[in-house]
Amino acid sequence: MAVFGGANLGSVSFSSHLLNQHSCFLSCPLKLLPSSSSNRTSLLCVVKSFSGSVTADTDTSSDQSFNSLLRDDAGPAQMSTDWKLAKAYCKSGDTFEGEVEGFNGGGLLIRFHSLVGFLPYPQLSPSRSCKEPQKSIHEIAKTLVGSILPVKVVQADEENKKLILSEKLALWPKYSQNVNVGDVFTGRVGSVEDYGAFIHLRFDDGLYHLTGLVHVSEVSWDYVQDVRDVLRDGDEVRVIVTNIDKEKSRITLSIKQLEDDPLLETLDKVILKDSSSGSPSLSSSNGDSIEPLPGLETILEELLQEDGIEAVKINRQGFEKRVVSQDLQLWLSNTPPSEGKFVLLARAGRQVQEIRLTTSLDQQGIKKALQRVLERVP
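Cut-offs and rules
- Here the residue index of a chain counts from 1 through its sequence in written order.
- In keeping with the model being predicted, local features are shown solely for residues with a pLDDT of at least 70 and side-chain atom pairs are shown and tallied solely at 80 or more, while totals for entire chains, interfaces and linings include all residues.
- In computing side-chain properties, one takes all heavy atoms of the structure into account and sets aside hydrogens as well as water.
- Salt bridges are defined by distance alone: a side-chain nitrogen of Lys or Arg within 4 Å of a carboxyl oxygen of Asp or Glu.
- Helix and strand definitions follow DSSP, with helices as H or I runs of at least four residues and strands as E runs of at least two, each counted in order from the N terminus.
- A 1.4 Å probe rolled over the protein chains alone gives each residue an accessible area, and that area as a share of the maximum for its type sets the label: buried under 20%, exposed over 50%, partly exposed in between.
- Paired strands, as defined in this entry, are two strands with at least two bridges between them according to DSSP.

Visitor: Would you mind going over the pattern of salt bridges in detail, with residue names and values included?
Guide: This structure, assessed with the given rule, holds eleven salt bridges. Ionic pairing is found between glutamate 167 and arginine 128, a salt bridge with its closest N-O pair at 2.5 Å. You can see glutamate 167 sitting in helix α6 (residues 167-176) and its partner arginine 128 sitting in helix α4 (residues 126-131), a full 39 residues away along the chain. One salt bridge connects aspartate 226 with arginine 228, and the closest N-O pair in it is separated by 3.4 Å. Several salt bridges share partner residues, and in doing so they unite Glu302, Glu306, Arg372 and Arg376 into one network.

Written out as C-alpha cells, the structure is:
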C-alpha cells in the first residue's frame, strides 16, 4: 500500500508504512497532489463528509425550515425538561426510537417527547436509498412518515433550538461488530467528493447498512487526479476494509488493494511490450549512462556515503503500462539478492528505473540506510 506523506513543494521526505513480508516501500513526494475541496457550509454537504460524523453547521434555509417546525405547544417547564433529556442522550450516546412526523428539503422531522428533532437525509441508513435507487430522497422520505426510526442525538442546542439526529450512528454498533479489517464487501458508490468516494457496504441480508470512505489515493494504482473520472454515484464496486475507527464511527476502504501493486515483483512485469517485436520496451545501460529520474541522482550519491554500500548503478529503464504516481518513489524489490547485489526500483509517472546496489548489508540494513539518506536530502 502506497502511503504519501505531506511535504512542502520541492522537498523530499520519507513516509513509513506497514511493510508486508514481500517488499519495502519508501516514498519521496516531490510534488503536492491537488488539495481537497474547500469546507462546505451547507448542512447537507457537511454531514456527509465522513461516515458517522455530523456537524450542526447549517445554511440559512435549512436553519429556518428546521426551527419553524419545532413544537412550542408544550409548556416551558416540559420543554426545558426534554431539552435536558436530549442533552443526556447526546452525552451517553444511547439510542431512542422516534416517530417521523414529516420532512422538508433537508431531512426528516422526528418526535422527541415535546420536541421535534431534525435528521438530515445523509444521516439516514444507506439501506433506505439503496433499496429503491430509482426513487428520489423526497419520495423515500414520504414513505417514512409515521414510521419509527432508531436514532441517536448528535447535537442538543437548547439556546438555538437545534436537535440534530442520526439513524446511521444508531445502527453503527449493531453492524460494525460484524466488520473487520481485511473483510471484502460489494459496495455501491453513494457520493463522490474531491478527496474520495463514500461507499455503502452490502451485508449478507442484501441491504446496505454502513458507509465507508475510499480515499482518492486508494481508488486505483493508476494516478487519479479526479475521482469522478473513475467512479460515479450508483456504481457497484468491490472494496476491502483497511481501518475501523470505533470512536469516530468511521470505516476506511480501498479498491486498489484488491489488486497487486504492479511493482511488487520485478521490472519486467510492469513494462510495456514493444508491439513490433513483442519484447519489453526496456533499455539497458551496457556502460552507457542513463539519466536518473528527477531527484534520484542526489539520493544515489548519498547512498554511496553509507557504510557497506560499495556501488550504485542504474541498470535498466522502461515505461509502465499505467501512471501510478507523479511522485518519485523508491522500492526495494523482493527479487532475491545475487552475489551481494540488491535491486532498487525507482519510478515517477510512467517511467521506471532499475538500480543495482552492490552492498555487504542485508535487507534491513539497506532499508535503514535509505531512511537515513532520505532524511538528509534537502
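From this point, things continue past the structure.
Visitor: A description of the pairing of strand β7 (residues 184-193) should follow, citing residues and the corresponding values.
Guide: Of all ten residues in β7, seven are buried; the element is thus mostly enclosed. Here five bridges tie β7 to strand β10 (residues 236-245), and the two strands are oriented antiparallel to one another. Considered in β10, the bridge of phenylalanine 185 is made with valine 239. For β7 and strand β8 (residues 196-202), the ladder comprises six bridges, and the chain directions are antiparallel. Directly across from valine 189, in β8, lies its bridge partner isoleucine 199. Counting the residues that bridge the hairpin from β7 to β8 gives two residues.

What is shown is where atoms sit, not what they do.
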